[in-house]
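Fold and contact review
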Amino acid sequence: MVTYKTYGSIFKGLDFSAAQERCQAISDMIDNKTGEGNDFLGWIDFASRMKKSEIDDIIKTAQRIRENYECLVVIGIGGSYLGARAVIEAIKGLYPVDNFEIIYLGNTLSSTYTAQVLKYLENKKFACNVISKSGMTTEPAIAFRLVKDLLIRKYGVEYLKDAIIATTDSKKGALRHEAEVMGYKTFTIPDDIGGRFSVITPVGLLPIAVSNIDIRELLEGVKQGEKDYSVPSLENPAYKYAVSRALLSSQAHYNTELFVTYGPHFRYFQEWLKQLIDESEGKENRGILCSSAVFTTDLHSLGQFVQQGSPTLFETIVDSKKPLDDITIPHSDDNLDNLNYLEGKKMSFVNTKAYHATLDAHSNGHTPCNVISIDEVNPFTIGNLIYFFFRSTAFGAYYIGVNPFNQPGVEIYKKNMFKLLGKPENK
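These lines cover the structure that appears in this document, whether it is placed above or below. (Residues numbered from 1 in each chain as written. Predicted model: local features only at pLDDT ≥ 70, side-chain atom pairs only at ≥ 80, totals over all residues. Heavy atoms only, no water.)

Considering the sheet that holds strand E1 (residues 3-7)
In any sheet, the strands associate via hydrogen bonds between backbone groups, in a parallel or an antiparallel arrangement. Spatial strand order, E1-E10-E9-E7-E8: 5 strands in an open sheet with mixed pairing. Two strands lie at the open edges of the sheet, namely E1 and strand E8 (289-294), each paired on one side alone. Averaged over all pairs of adjacent strands, the angle between strand axes in this sheet comes to 20 degrees, irrespective of strand direction. Along the sheet, helix H14 (residues 347-363) contacts E1, strand E9 (313-320) and strand E10 (369-374); its crossing angle with E10, the most-contacted strand, is approximately 150 degrees. On top of the sheet, helix H15 (residues 379-399) reaches strand E7 (256-261), E9 and E10; it is set at about 145 degrees to E10, its chief contact. (Pairing = 2+ DSSP bridges. Helix = DSSP H or I, 4+ residues; strand = E, 2+ residues; numbered from the N terminus. Axes fitted to C-alpha atoms, helices over the stretch in contact; angles between N-to-C directions. Contact = heavy atoms within 4.5 Å.)

Right, dumping it as structure tokens:
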């Protein structure tokens, strides 16, 4: 189970009395699906409802990809790729010895990035998992067309049937239609789960399985989370965290949350959190802006502001008590760097001391700190952590009075872009 603690005198001044009274009602809104956006609450028990045959199919497909290709190209944007990348890098690290290479495309309109990835793929035998509900989202749609063009030029159109796996709507949309015409292997995006909550569905599970992570264990962690974080009380750490951050905003005027990790392999977990929370809360002129940093790296660029800048942000450290890997600092005969006082120490020891020193400095300054921790990183604990944030995000959005599951503001820039690009109407 996730551990949640707070550091800083500011928390002592927050008034939680009204929050406890509202806790039961908001928890019931989630469980009974009576709040706004309730038709997108399929995630609350998806892991428990998921059929064994579907899980087996995902694992079998992942094995086929690993056995027949050099790498997998995952095409998707937002929740279509962030969740999977977050889980894969958190569990496997950035340079795992045994990892099958996974390349991400269709998450940007950068011509430089896209062109360079395609050039890299020219000498690779790769499979492609294209993920899109409609098949018409601009970034992945363009990337998919380019990938298909490359595959056809290399191998011919008949190659596409085995090399492409489409994760899309069960019945409708351009990608579903194309998959049926071309004979692609398909997986379904559930109708009642939005993109930012989709990592526990085939959207995330196929790439995760391809990376050789046990998705059964991941789902067991999610299922345990269904029990751990549905208790209608502020003793529930997911709800306590959601309320604490809301009160930091409403009562103490802290309106920016800086997610902090002490390991670069957790960077994309933070990127996923930023989408999950900002897209769920940031509407009707409400919500807390989420940002992120990797310490100790970013202490040398952001640390001064966090310590003594304008008191507008609070930290949320997402921490594992045990590192993925470790290394010992060696002895040096000449000691020219004056580091022999650390010889024989694990690097994790140094990192932990830096973490504790920074936590003390910031929380005793004007930066309140949440600490959300797991004992170690593995598929079960990451699955449990994912569900912790699912629950806290839904609860927190309802707490501030917004629909957690829509994103009306996103459509505004899209309409402007389509007009500038000359896209025909109704297409």
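Looking at the sheet that holds strand E3 (residues 101-105)
One open sheet accounts for 5 strands, arranged E3-E2-E4-E5-E6; its pairing is parallel. Every other strand in the sheet has two partners, leaving E3 and strand E6 (185-188) as the edge strands with one partner each. This sheet shows a mean twist of 20 degrees between the axes of neighbouring strands, independent of strand direction. Lying on the sheet, helix H6 (residues 138-155) is in contact with strand E2 (71-75), E3, strand E4 (126-131) and strand E5 (164-168); it crosses E4 at an angle near 155 degrees.

Brief notes about the side chain of serine 363
With respect to the helices, strands and loops of the structure, serine 363 is situated in helix H14. Among the polar contacts made by the side chain of serine 363, one reaches the main-chain carbonyl oxygen of leucine 359 at a distance of 2.6 Å. Residues within four places of serine 363 in sequence aside, it is in contact with Tyr7, Gly8, Ser9 and Cys369. (Polar contact = N/O pair within 3.5 Å; in protein donor to acceptor, adjacent residues only side chain to side chain.)

Comments concerning the packing of aromatic side chains
Counted under the stated rule, the structure contains 25 aromatic pairs. Both rings, one in tyrosine 387 and one in phenylalanine 390, keep their centres 6.3 Å apart while their planes meet at 65 degrees; by these two values the pair is edge-to-face. With tyrosine 387 and phenylalanine 390 both in helix H15 and 3 residues apart, this pair spans about one turn of that helix. On the basis of relative accessibility, which here comes to 0%, the residue tyrosine 387 falls in the buried class. Cation over ring: arginine 22 sits above tyrosine 399, and NZ or CZ is 4.2 Å from the ring centre. Over the ring of phenylalanine 349 we find lysine 345, and its NZ or CZ is 5.7 Å from the ring centre. (Phe/Tyr/Trp six-rings, centres within 6.5 Å; stacked < 30°, edge-to-face > 60°. Buried < 20%, exposed > 50% of the residue type's maximum accessible area, 1.4 Å probe, protein only. Lys NZ or Arg CZ within 6 Å of the ring centre and 35° of its normal.)

Describing the environment of isoleucine 88
Checked against the element boundaries, isoleucine 88 lands in helix H4 (residues 82-92). Judged by its relative accessible area of 4%, isoleucine 88 is buried. Taking the C-alpha atoms as reference, isoleucine 88 lies 9.7 Å from glycine 204; in sequence the two are 116 residues apart.

With respect to the pattern of salt bridges
The final tally for this structure, using the stated rule, is 20 salt bridges. Residues glutamate 220 and lysine 223 are paired through a salt bridge, measuring 2.8 Å at the closest nitrogen-oxygen approach. With glutamate 220 and lysine 223 both in helix H10 (residues 215-228) and 3 residues apart, the pair spans about one turn of that helix. Taken together, the shared-partner salt bridges connect Lys133, Asp169, Lys172 and Asp191 into one network. (Salt bridge = Lys/Arg side-chain N within 4 Å of Asp/Glu carboxyl O.)

Quick word on the pairing of E8
Direction of pairing for E7 relative to E8: parallel, over a ladder of 6 bridges. Following the sheet pairing, valine 260 is matched in E8 by alanine 293. The parallel pair E7 and E8, bridged by helix H12 (residues 267-281), forms a crossover whose chirality is right-handed. (Right-handed = clockwise from strand over helix to strand, strands pointing away.)

Some words on the environment of serine 348
Here serine 348 lies in helix H14. Taking the C-alpha atoms as reference points, serine 348 and threonine 328, 20 residues apart in sequence, are found 8.8 Å from one another. Those residues in contact with serine 348 that lie beyond four places of it in its chain are Pro323 and Asp326. In terms of polar contacts, serine 348 uses its side chain to reach the side chain of aspartate 326, at 2.4 Å.

Structural notes on the pairing of E9
E9 sits mainly inside the fold: 8 of its 8 residues count as buried. Along E9, one buried face is formed by Leu313, Glu315, Ile317 and Asp319 and the opposite face, lined by Phe314, Thr316, Val318 and Ser320, is buried too. Relative to E9, E7 runs parallel, the two being bridged by 5 bridges. The residue of E9 that forms the bridge with valine 260 is isoleucine 317. Alignment of E9 against E10, held across 6 bridges, turns out to be parallel. Bridge assignment links glutamate 315 to a residue of E10, and that residue is cysteine 369. A crossover connection joins E9 to the parallel E10 through H14; in handedness this β-α-β unit is right-handed.

Notes on helix H11 (residues 237-250)
Between its first and last C-alpha, H11 extends 20 Å over 14 residues, near the 20 Å set by a 1.5 Å rise per residue. Burial analysis of H11 places 12 of its 14 residues in the buried class, which makes it a mostly covered element. Of the residues making up H11, those classed as buried are Pro237, Ala238, Tyr239, Tyr241, Ala242, Val243, Ser244, Arg245, Ala246, Leu247, Leu248 and Ser249. You can read the cap of H11 off the contacts: a side-chain oxygen lies 2.9 Å from the backbone nitrogen of alanine 238, and it is on asparagine 236. (Expected span 1.5 Å × (residues − 1).)

Some remarks on a nonpolar patch on the surface
Side chains of Leu109, Ile142 and Leu146 sit close together on the surface and give an oily, nonpolar patch of about 250 Å² of accessible area. Judged by relative accessible area, leucine 109 falls into the partly exposed class, the value being 48%. (Patch = residues over 30% accessible without salt bridge, like charges linked within 9 Å, V, L, I, M, F, W, Y side chains within 5 Å. Areas by Shrake-Rupley, 256 points an atom, 1.4 Å probe, with all protein chains shown as cover.)

Digging into the packing of helix H3 (residues 52-68) against H10
Direction vectors running N to C along H3 and H10 enclose 140 degrees, while the axes themselves pass 11 Å from each other. Comparing the axis directions of H3 and H10 gives the class oblique. Seen from H3, the contacting residues are Ile55, Asp56, Ile58 and Ile59; seen from H10, they are Ile215, Arg216 and Leu219. Each residue belonging to the contact of H3 with H10 can be placed in one class, and the counts come to 5 nonpolar, no polar and 2 charged. (Parallel < 35°, antiparallel > 145°, perpendicular 65-115°, else oblique. Nonpolar A, V, L, I, M, F, W, Y, C, P; charged D, E, K, R; others polar.)

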